[in-house]
Amino acid sequence: MTVSAQLQRTHFVVVGAGGLGCPALLGLSAAGARRFTIVDPDVVETSNLQRQVLYSVAQVGRAKADAAAWALRQRIPAIEVDAIVRALRPADASAFVAALPPESIVLECTDAPALKFALNDAGLEHGTPVVIGAALGLRGQCIAVRRGVACYRCIYESAPQDLPTCESAGVLGVAVGLAGFVMASAAVSLCDPQQAAETTGALLAFELGAGSMQTLRPRPRERCPACAAAQPSRFPPLQASA
Ligand SMILES: [Zn+2]
């Protein structure tokens with residue numbers, strides 16, 4: 001199957017339709033992705049508009065998942081998109097991923113560290129690739145997780161208690177936008193068997209103040225419980241290497 005055909009078949013599940021999710025959705029749809037589910041419990045607020053680039057003043061007060069789905073359909077009418085207006089709790093991540101069709105890729109686009117770990121674990125447990133991104137201040141990062149390479153929990157072990165948030169520490173709109181597009185790029189490359197091996201397990205990190213972008217390839221950590229529970233990939237292009 002060609003990469004563009006795989007992109008059109010793949011079901012992209014974007015969890016969080018804020019500063020990361022909006023550019024991720026734009027990047028994926030521009031690349032040719034046509035099947036989406038968007039999960040977000042919040043409504044569009046005026047303070048969101050400068051970095052949550054799918055929304056305008058007219059959508060203030062509307063559920064973000066619905067507003068993002070509408071904005072995608074306005075751009076590309078052939079898009080199939082489901083909006084789920086609820087919070088995905090870490091405790092529900094495993095059941096949520098288990099219920100996804102095989103040709104799914106999850107993008108974790110929230111600012112909730114516990115959910116990043118939960119979706120990392122759930123993706124490995126159910127053989128579904130997960131792209132995890134984050135941005136804070138001038139920094140951003142992205143990792144694509146699958147079985148056999150370092151996962152998010154291999155790198156960070158567990159969520160720290162006192163991690164600063166975008167509310168407490170601030171984030172530059174450009175940084176979160178770039179991180180979202182990097183996530184879209186990583187998810188697109190998972191649809192290309194040649195690229196997927198390069199992308200997964202690589203932590204891409206940038207710092208805009210220094211103008212630096214690095215790709216780190218950490219080793220899988222021994223006794224990582226998420227990797228120990230990992231099942232073979234259900235996502236077709238990755239089956240051969242899973
Ligand atoms: Zn691991």
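Attention here is on the structure that accompanies the text. (Residues numbered from 1 in each chain as written. Predicted model: local features only at pLDDT ≥ 70, side-chain atom pairs only at ≥ 80, totals over all residues. Heavy atoms only, no water.)

1. Regarding the overall build of the protein
Stated precisely, the cut-off is as follows: Secondary structure elements follow DSSP: runs of H or I of four or more residues count as helices, runs of E of two or more count as strands, with numbering from the N terminus. For the radius of gyration, the atoms used are the C-alpha atoms, and the globule rule reads 2.2 Å times the number of residues raised to 0.38. Type-normalised accessible area, obtained with a 1.4 Å probe on protein chains alone, sets the label of each residue: buried when under 20%, exposed when over 50%, and partly exposed for intermediate values.
Tallying secondary structure elements over the protein gives 10 helices and eight strands in all. For the protein, the C-alpha radius of gyration of 17 Å lies close to 18 Å, the compact-globule estimate for 242 residues. Projected onto its principal axes, the C-alpha positions of the protein cover 50 × 40 × 35 Å. The 242 residues of the protein split such that 51% are buried.

2. Regarding the coordination of the zinc ion
Let me state the cut-off plainly: Each metal site is built from N, O and S donor atoms within 2.8 Å (3.2 Å for Na, K and Ca), and since water is not included, such sites may look incomplete. Just to be clear on the cut-offs, tetrahedral is four donors with all angles between 85 and 135 degrees, square planar is four donors and octahedral six with opposite donors over 155 degrees apart and all others between 65 and 115, and anything else goes down as irregular.
Looking at the zinc ion, the protein donor atoms are Cys-151 (SG), Cys-154 (SG), Cys-224 (SG) and Cys-227 (SG), and they sit 2.3 Å from it. Taken together, the four donor atoms coordinating the zinc ion and their angles of 99 to 114 degrees define a geometry best described as tetrahedral. All donors of the zinc ion come from a single chain, and their spacing in sequence reads C-x2-C-x69-C-x2-C. Owing to a relative accessible area of 24%, Cys-227 belongs among the partly exposed residues under this scheme.

3. Thoughts on the layout of surface pockets
Rules: Of the two site types, the cavity is a set of points on a 1 Å grid over the protein atoms alone where a 1.4 Å probe fits but cannot get out, and the pocket is an open set with protein on both sides within 12 Å along at least five of seven lines, each lined by residues with an atom within 4 Å of a point. Grid points are joined across faces, edges and corners, and a volume is the space filled by probe spheres set on the points.
The space that makes up the second largest pocket amounts to roughly 190 Å³. In this structure, the second largest pocket is lined by 14 residues; those nearest its centre are Ala-186, Ser-189, Thr-199, Ala-202 and Leu-204. Put simply, the parts of the chain that give the lining of the second largest pocket at least two residues each are strand 6 (139-145), helix 8 (173-189) and helix 9 (193-199). It is helix 8 that provides the largest number of residues to the lining of the second largest pocket, a total of four residues.

4. Notes on the sheet that holds strand 8 (residues 212-216)
Heads up, the condition is: In this scheme, strands are said to pair when DSSP sees at least two bridges between them. Lines fitted to the C-alpha atoms define the axes, with helices restricted to the stretch that makes contact. Angles between their N-to-C directions range from 0 to 180 degrees.
One open sheet holds the eight strands; their spatial order is 3-2-1-4-5-6-7-8, and the pairing between them is mixed. Each edge of the open sheet is held by one strand with a lone partner, namely strand 3 (80-84) and strand 8. For this sheet the average axis-to-axis angle between neighbouring strands, irrespective of direction, equals 15 degrees. In terms of strand pairing, strand 1 (residues 11-15) meets strand 2 (residues 35-39) through five bridges, oriented parallel. By the bridge assignment for strand 2, Phe-12 is matched with Phe-36.

5. A short note on the nonpolar core
Going by this rule: Among buried residues, the Ala, Val, Leu, Ile, Met, Phe, Trp, Tyr and Cys ones that are joined through side-chain atoms within 4.5 Å form a nonpolar core. The contact definition used throughout considers only heavy atoms, calling two residues in contact when any of these lie within 4.5 Å.
With 48 residues, the main nonpolar core has Phe-12, Leu-28, Leu-107 and Val-131 as its most contacted residues. Put simply, the parts of the chain that give this core at least two residues each are strand 1, helix 2 (21-31), strand 2, helix 3 (64-75), strand 4 (104-108), strand 5 (130-136), strand 6 and helix 8. A total of nine residues in this core trace back to one element, the largest contributor, which is helix 8. Not counting chain neighbours up to four residues away, the residues in contact with Phe-12 comprise Leu-7, Leu-28, Ala-33, Arg-35, Phe-36, Thr-37, Ile-105, Leu-107, Ala-187 and Cys-191. Ranked by size, the runner-up nonpolar core spans 27 residues in total, among them Val-13, Leu-119, Val-130 and Cys-151.

Everything listed here is a matter of geometry and, on its own, says nothing about what the molecule does.
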